[in-house]
Every structure is written in structure tokens, then in C-alpha cells.
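# Notes for the structure review
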Amino acid sequence: MNSELGYYQAVAGLGASPDDVTINGAIHVEPVRQCEANPWDCQQPGSLTRFWRSLSNVSINPIQRPVGVDATRPFPSGVTDPHQMRFAVSQAAPLRRVHIQGDLTLFGRVGEYASGGYLANSKVDGKIVTGSQQQWFTRNSTVGTWDGGVWNMVFSGVEGAPAHDFGPTPTGTGNKTVVDETPMNRESPFLYLDGDDYKVFVPAAKADTRGHDWSTDAAAGESLDISEFFIAKPGDTAADLNAALASGRNLLVTPGVYELDEALQVDDAGTVVLGLGYASLVPTEGNAAIEIADVPGVKIAGLTVDAGLENSDVLVKVGPTGATASDAADPTTLTDVFIRVGGPWAGKATTSIEVNSPNALLDHIWAWRADHGDGVAWAGNTGDHGVVVNGDHVTALGLFVEHYQKNQVVWNGDGGRTIFYQSEIPYDSPTQAAYMDGDRLGYASYRVGDGVTSHLAQGLGVYSFFDQTINGGQDIRVESGIQTPKSADVRFESMTSVFLNGTGGINRIVNDAGAPAVGSFASPQLVSYPPVDTTAPTVAIAANPGAPGPGGTYASKVVLTVTGADDYTPPPTVEVKVDAAAWMAVTGPIELGNGAHTVLARATDAAGNVSTEASWTGTVAIVVAPDVPLEVKSHTQCLDGKAYIVVSAVNRAALAADIRLTSDEGTVKFTTVAPGATVTYMWKAGKKTAAGTATVAGYTWEAGAGRYSTYSAPYPGSTCK
């Protein structure tokens, strides 16, 4: 049997093992033949548009032949080397659970461009030749040998994987990233025949795995009878599907387009929703296509979601906002879920996939804001983000996200893990001003939230093509393809930025690190980020009041604020030593009372680097401000041979006060003395008066509360003649 695999075609064996269904021949994919007479002259589109097709659960004994029109050409595209099959695809075209009993080539006969691809839980006995493939992700498979590749070839849990060589090598530049074991994976559910009975096998999730696994025993997963499924057919409504889900049934969605005026509500833990033949869900009322409740263990596989004409806030929502239910051993899993915003029509969706559930697993996602097709324009098929992850401990294996108008991926959850990321930033920004993240040039493709404390991503490629036919030749830039907190626990390995075509480019790979990707297929690499932290943090002490008063002392308590700064997160730990006390951690402002003080401060970052010490010295002599402020004076004077004691007071309070003046000669009281007013009294004491002290008291009353202050006003003795 020989056949080319076309758009929206999925070929799947119905055996329990791939070796139960063997094809002698080939189910192959060939590039677009753009230049009929001389295909060497046209490298594109090649395989760059070979999307939405799949092959699974079969064994192929490769005997490939050209078919159809291709067979009549003088130079057919479908010719391969002996015992080799071609699968020259780009995104959303997985090979799963496939046994190739020979060699596999992943690019066209004359090296046409290709932007794949995904191979999982498969065995290739011979050689895999990748040639012009820009990138490819191979997971949990067994391969003979591997040859070729351009920028970003990633292997996770692959027996027979080539040696890791990403970055500079003695012979040039390597492009292969090898992860020895896949930290968490779950293979896709699949339909099979058990005798005459249709069943669906649902593989269990497994941790730290390597190589292919085609087991279907009880330890490998669960076999569900077809009677446990509602078999959806085109014409079924959202109400029909939700009624089946509410009754506790799983869904088997047969090929076709399903228009949904409300989201599919997956409320039961462990529910399986399995699409066949690229079944497509289309929200029609600005709703989501799928909403998963706060439950663990849901499996969504094999579905395409097309954004509708009315904008949806989100298309696929995994858990409600703030979801907490999860099972690390049975994660909610999205497998082969493909999103289109535009293409068939001018679809609109703010966020395509939002993951709120902890421990969720994403296995082969292509979220695509269309760059070609119907309704494609900057103001037409609008979409901010492809994937937003808010849940903790989420794993993404094979994440393809392209052309959204802001960050392609926003990762806010802690403990996240991504193995393989491919992204093209949007082609169609009309101006730089239309593509600014605040005052930052463009939007980073992969954005890790500022509050994230742990993350690991391996094998990332971010590509630039600002189309000059749209932007009129303007120089449009993205400051960096990846934007992330700079922290030893937020790590990236094997990164590249690539200039594909057009204008402008990407200034840095991650944050401020990496060379520009500007012009002539520039493809700078960065092996790891961040670098080892060898720079000490800084520490500063700020005092309030900032300076002492007359005489060099502080007349009020001093509050010290001690801060540390570092170019890595988390912020450094700050300690102080106050006078003769031991070093202690700073938990807030430091208040200093009366006395002479010396304060030292130091900061220590997460890498153990210690700052130079900062210091503050000062003397505090606190002057207590009275409750009723008065300015008092007293003196003696002679008048007509008589001695007088003179006492005065000025009301410096902000409200009227009663003021009482007392000397050895008596007491007088003045009431309701206005603010700023002065009262004075003179006591006649005879020809002579001894030195003494007058007492002045002030009283105020406001809002039911009284205040009282007293002052002493000494006066000298006096003898009059």
C-alpha cells in the first residue's frame, strides 16, 4: 500500500500493539511542489504548510513509491532511498506509537524547508534523517541512528538518541539537546479492537521514563469499553455533549466540525474526551470550547479548536481560576490539542489555553494564530496569548506556540518544566508602536512571571519574521525571545533565536544575554541561563531624620531602613548589627532611642555572595515635645522703687488654651487665649525680692479630650532703691 497523507487525515491502526497492523509500503507526506520543472529552485513553502495530519498505532515496512500526479513526473518527489519512508511535515502532524521497520526521512527529496515536528512512543529500526527540519521533538522512543537537523533537535527519554551537542563544538555548532529521562508523561488514549469489541485504552501517567512502551496490561493503563463513551457525530450540539458528560460518560468525538454555543463542561475526575480525525470544536457565542472543573485526572486528546468570530476570553480552560485539585500520579493531560485563531475565518480569542490546575501535563500542543488563510490581519484574527500557565508543577512536552500578539506563553506557576519549545513571533505587526510591551521593544515569546521562584525549560527556539510587505520595511524588534526572573532556580538550557526573513529581529536570546538574531538567517545560541552568580549584592542604610540637628545630635528617635539589592532573585537576605548586639536578620525598620549608636548592615544572596558592609553612626538625645506648647519667660524689674516679678507666656498651640501663671506672689489665670497670643502678669513684691521660679501651666480641650503641660520659668532676685 502506498498513499500520501493529506490535510485532516489521521491513519490509526486498531490493534492493541502497532505490530498488530503492518503496512507493506508507505503512508507518506511530501512537500509542496512549487517549481514543477526544477524543484531545486523552490525550497519553500516545501513542507512549511504540511500541518494537521497524523499516523499512529501501525507498523510500516517501508517500500515507498510515488503516487498520483507525482508518479508521472520526470523527477518525482515521492522517491526515497530503499527501505525508507518520508514524513516531511511541520506542526500538528504527530507520529505516535509507530514502528518503522527501516529508515525514516523527515524532509523533502531536494531539501525543501520543513518546520516540524513530533515523534513519540515509537520505534525506528534504522536511521532517522532530518535534513532541513528546523526543529524536531522526539520523546520516549527507540531509534537506530539519527542524522541531520538545523537549529533545535530535542530528545527526551529516547533510547538510541544521538549525543548531546547543543552549542559550540570542535567541528562547528551543535543543535541537539538530550534529556535522559522524561520526568512525567502519559501516552495518548487510543481506540482498538479486542476481538470484535471496540475499546479505548487509556495509558497511565509515568514518571522518569525512557524508551517506547506499547504495553496494554493493567499496569500500563486502563481499558474502557466503548459503551462507556458517548459517540459524538457532526450535528450534535453542546447541550447533547454536556448531557452525556453530566451522566458520567466519556466522549469519543468523530471527525467533523462541532459548533458550540456553550463550553463542554468536564466536571468528573478521570473523564476521557478523545477526538478522531482532527475533530474540530468551534465556539460560536464568545464562549470557551472546553472547561475542566477543579478535578484531577482528565484526559483531553486529539482535538482541534477553532476560535469563533466572536472573541472568547479563553478557548480551553484547564481548571477554574485558583484550582487546587490535582494528583501528581494522575495529572490532567492535554495530548495533541491544536488551536487555530484565524485561518478558516477571522477567529478571535484572548487566550487559547489557560492552565490553572496544579500538576497538569501538556503533551504536544500547537497553539497557532494564523499567519495565512481567511480573516488574517493584525486587527482581524486577534489573540494575546497562546498558553498561560497559572498552576504549579505543570509539565509541557513539545510546546509549539506561534504568532500571538503579546507573549506567546506566560508561565506564572512555580515548579514548571518545559522540554522543547518552538515559537515564531507574529509576522504581521504593522509598526513597532503596535508591538510594545510597555516601554520594552516587542513581547518576549516565552515569559516567566516575575514572582516565579523555580522553573526549568530545555530546548527552546524563538524565530523572527517581521513581514516587510506588511510593515513597509520598518525595523521592528523584540528585546529578547525569553524574559524571566534572573534566579539560580529559574533555569534555561539550549536556547536559540533565529532570524528567518523580513525586517528587524530579536536583540537578545534571554533578558540581556545572547547575541542578536538580525539578518541572514542569524541563529545565535545560548547553552544555559543564568550564569553562575559571582557578584556580591549591595546594601544601603537610609535614616529618618536624614541628618542631625544643631550640635550634631538627633533630637528625636531615628528610624533606619536597611535594603539589599541584587541582579538575581530572590532578593538577598539582609542582616544588621546594632551597637554591641549580635548580627540579626532585618524584618522591618530599626528604631533607635537615646544614646550613641553604631549600626552595621550586610546582605547575602542565594549564591552565598556577601556585600560590603554599610554603616551608620549617630547620637540621639530626644527632646520631648509638650502636649500644650507655650513659650514662657520671666524676669524681675524695678518700677518707682518697687520690685516686680514679671511672667509671660505665648500660646504656640494650634487651638485656644487656658494659661495659668504662678509665682511666689500668687496665681492668675487667663482663659481662651488664642493661638499666637501673649499673656503677661506683674506681681509687686516690695523693695526687694529673692530669686525664684515661676510656674506656667497650659490647658487645651478638643474632641472630648484634655491636654496639659507645665513649664518652669526661673527669675533672678532684685533690690530696688
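This section reports on the structure supplied with the text.

Parameters at a glance
Counting restarts for each chain: residues are numbered from 1 in the order of the written sequence. The predicted nature of this model means local features are confined to residues of pLDDT at least 70 and side-chain atom pairs, given and counted, to a pLDDT of 80 or more, with totals for whole chains, interfaces and linings taken over all residues. With hydrogens and water set aside, each side-chain value is computed from the structure's full complement of heavy atoms. Runs of H or I in DSSP of at least four residues are treated as helices and runs of E of at least two as strands, each being numbered from the N terminus. What the globule rule says is 2.2 Å times the number of residues to the power 0.38, and the radius of gyration is computed from C-alpha atoms. Note on classification: 1.4 Å probe, protein chains only; a residue is buried when its accessible area is under 20% of the maximum for its type, exposed when over 50%, partly exposed between these limits. A pair of strands counts as paired when DSSP detects no fewer than two bridges linking them. Here a polar contact means two N or O atoms within 3.5 Å. Within protein one must be a hydrogen donor candidate and the other an acceptor candidate, and residues neighboring in sequence count only if both atoms are side-chain atoms. Here a residue-residue contact requires only that any non-hydrogen atoms of the pair lie within 4.5 Å. Throughout, the arc means the angular range of directions from the helix axis out to the C-beta atoms. Between 30 and 60 degrees the pair is tilted, below 30 it is stacked and above 60 it is edge-to-face, where a pair is any two Phe, Tyr or Trp rings, Trp via its six-membered ring, whose centres lie within 6.5 Å. Think of it as a cone above the ring: NZ of Lys or CZ of Arg counts as a charge over the ring if it is within 6 Å of the ring centre and within 35 degrees of the ring normal. The pocket and cavity definitions rest on a 1 Å grid over protein atoms only: a 1.4 Å probe that fits but cannot leave marks a cavity, an open set with protein on both sides within 12 Å along at least five of seven lines marks a pocket, and residues lining either have an atom within 4 Å of a point. Grid points are joined across faces, edges and corners, and a volume is the space filled by probe spheres set on the points. Charged means Asp, Glu, Lys or Arg here, nonpolar means Ala, Val, Leu, Ile, Met, Phe, Trp, Tyr, Cys or Pro, and polar covers whatever is left, Gly included. Throughout, nonpolar core names a set of buried Ala, Val, Leu, Ile, Met, Phe, Trp, Tyr and Cys residues whose side chains join them through atoms within 4.5 Å. Here a salt bridge means any side-chain nitrogen of Lys or Arg lying within 4 Å of a carboxyl oxygen belonging to Asp or Glu. To define axes, lines are fitted to C-alpha atoms, for helices over the stretch in contact only, and angles between the resulting N-to-C directions are given on a 0 to 180 degree scale.

### Remarks on the overall build of the protein chain
Helix and strand counts for the protein chain stand at 2 helices and 60 strands. Taken over the C-alpha trace, the protein chain has a radius of gyration of 39 Å; the compact-globule value for 721 residues is 27 Å, which it surpasses by more than 25%. Its C-alpha atoms give the protein chain principal-axis dimensions of about 140 × 60 × 50 Å. Here the protein chain holds 721 residues, and 53% of them are scored as buried.

### A word on the sheet that holds strand β50 (residues 595-604)
Across the sheet, which stays open at both edges, the 5 strands sit in the order β45-β51-β50-β47-β48 with mixed pairing between neighbours. Strands at the two margins of the open sheet, each flanked by one partner only, are β45 (553-554) and β48 (584-585). Of the strand pairs in this sheet, β50 and strand β51 (residues 614-620) are connected by 7 bridges, and their pairing is antiparallel. Each residue of the ladder has a partner; that of Ala-601, found in β51, is Ala-614.

### Details of the side chain of Glu-424
Tracing the chain through its elements places Glu-424 in strand β35 (residues 416-424). There is a polar contact of 2.5 Å between the side chain of Glu-424 and the side chain of Tyr-427. Glu-424 has contacts with Val-401, Glu-402, His-403, Gln-408, Tyr-463 and Leu-500, leaving out every residue within four places of it along the chain.

### Side note on helix α1 (residues 238-246)
Listed as buried for α1 are Ala-238, Leu-241, Asn-242, Ala-244 and Leu-245. The buried residues of α1 occupy an angular sector of 155° when the element is viewed end-on, so they sit on one face. Next to the buried residues of α1 lie β21 (229-232), β22 (250-253), β23 (257-260) and β24 (264-266).

### Examining the packing of aromatic side chains
Under the criterion given, the structure shown has 28 aromatic pairs. Ring geometry for Phe-51 and Trp-366: centres 4.7 Å apart, planes at 50°, overall tilted. Taken together, the positions of Phe-51 in the loop between β3 (22-28) and β4 (53-62) and Trp-366 in strand β31 (residues 361-369) put the pair 315 residues apart, joining distant regions of the chain. Given a relative accessible area of 0%, Trp-366 falls into the buried group. Relative to Tyr-446, the ring of Tyr-421 has its centre 5.0 Å away and its plane inclined at 75°; by these criteria the two rings are edge-to-face. Here the residue Tyr-421 occupies a position in strand β35, and Tyr-446 occupies one in strand β38 (residues 446-448), the gap between them amounting to 25 residues. On the basis of relative accessible area, Tyr-421 is assigned to the buried category, the value being 0%. An aromatic cluster is defined as three or more aromatic residues linked by ring pairs; in this entry it consists of Tyr-7, Tyr-8, Phe-51, Trp-52, Trp-366 and Trp-368. The ring of Trp-52 has Arg-340 lying over it, and the distance from NZ or CZ to the ring centre is 4.6 Å. Its guanidinium or amino end placed over the ring of Trp-583, Arg-602 lies 4.0 Å from that ring's centre, counting from NZ or CZ.

### Looking at empty space enclosed by the protein
Enumeration according to the criterion identifies 1 cavity of 30 Å³ or more in this entry. The computed volume of the largest cavity comes to approximately 30 Å³. What lines the largest cavity is Pro-296, Gly-297, Ala-325, Ser-326, Asp-327, Pro-331, Thr-332, Ser-357, Pro-358, Asn-359 and Ala-360. Grouping the constituent residues of the lining of the largest cavity by class yields 5 nonpolar, 5 polar and 1 charged.

### Points about the nonpolar core
Of all hydrophobic cores here, the largest spans 74 residues; its most connected members are Ile-339, Tyr-446 and Phe-492. Counting 26 residues, the second-largest nonpolar core is a separate cluster that includes Ala-26, Met-85, Leu-104 and Trp-136.

### Quick look at the environment of Leu-456
With respect to the helices and strands, the residue Leu-456 is situated in strand β39 (residues 455-466). Each C-alpha atom of the pair Leu-456 and Asp-414 lies 9.9 Å from the other, and the pair is 42 residues apart in sequence. Non-local contacts of Leu-456, meaning those with residues more than four positions away in its chain, are made with Gly-416, Arg-417, Thr-418, Arg-491 and Glu-493.

### A look at the pattern of salt bridges
Tallied over the full model, the rule gives 28 salt bridges. Arg-96 serves as the salt-bridge partner of Glu-187, at 3.7 Å between the closest nitrogen and oxygen. One end of the pair, Glu-187, is in the loop between β16 (182-185) and β17 (190-194); the other, Arg-96, is in strand β6 (residues 95-100), and 91 residues separate them in sequence. Both residues of the pair, Glu-187 and Arg-96, count as buried. For Arg-139, the salt bridge identified is with Asp-363, shortest N-O distance 3.1 Å.

### Some thoughts on the sheet that holds β38
Sheets are built from strands paired through backbone hydrogen bonds, the pairs being either parallel or antiparallel. Ordered in space as β24-β26-β28-β30-β32-β34-β38-β40-β42, the 9 strands form an open sheet in which the pairing is parallel. Where the open sheet ends on each side, the last strands, each with one partner, are β24 and β42 (505-510). Looking at each pair of strands side by side, their axes are set apart by 25° on average, direction ignored. Sheet topology note: the strand β30 (residues 349-355)/strand β32 (residues 385-389) ladder contains 4 bridges and is parallel. Within β32, the position partnered with Ile-353 by the bridge is Val-387.

### Quick notes on unusual backbone geometry
Cis geometry is adopted by the peptide bond preceding Pro-530, which originates at Tyr-529 and carries an omega value of 0°. In this fold, Pro-530 is placed in the loop between β43 (525-529) and β44 (538-544). A positive phi angle is found at Ser-520, which is not glycine, with a value near 55°. Structurally, the position occupied by Ser-520 is in the loop between β42 and β43. With a phi angle near 55°, Phe-521 is a residue other than glycine that sits in the positive phi range. For Phe-521, the location among the structural elements is in the loop between β42 and β43.

These figures come from the coordinates and say nothing about function on their own.
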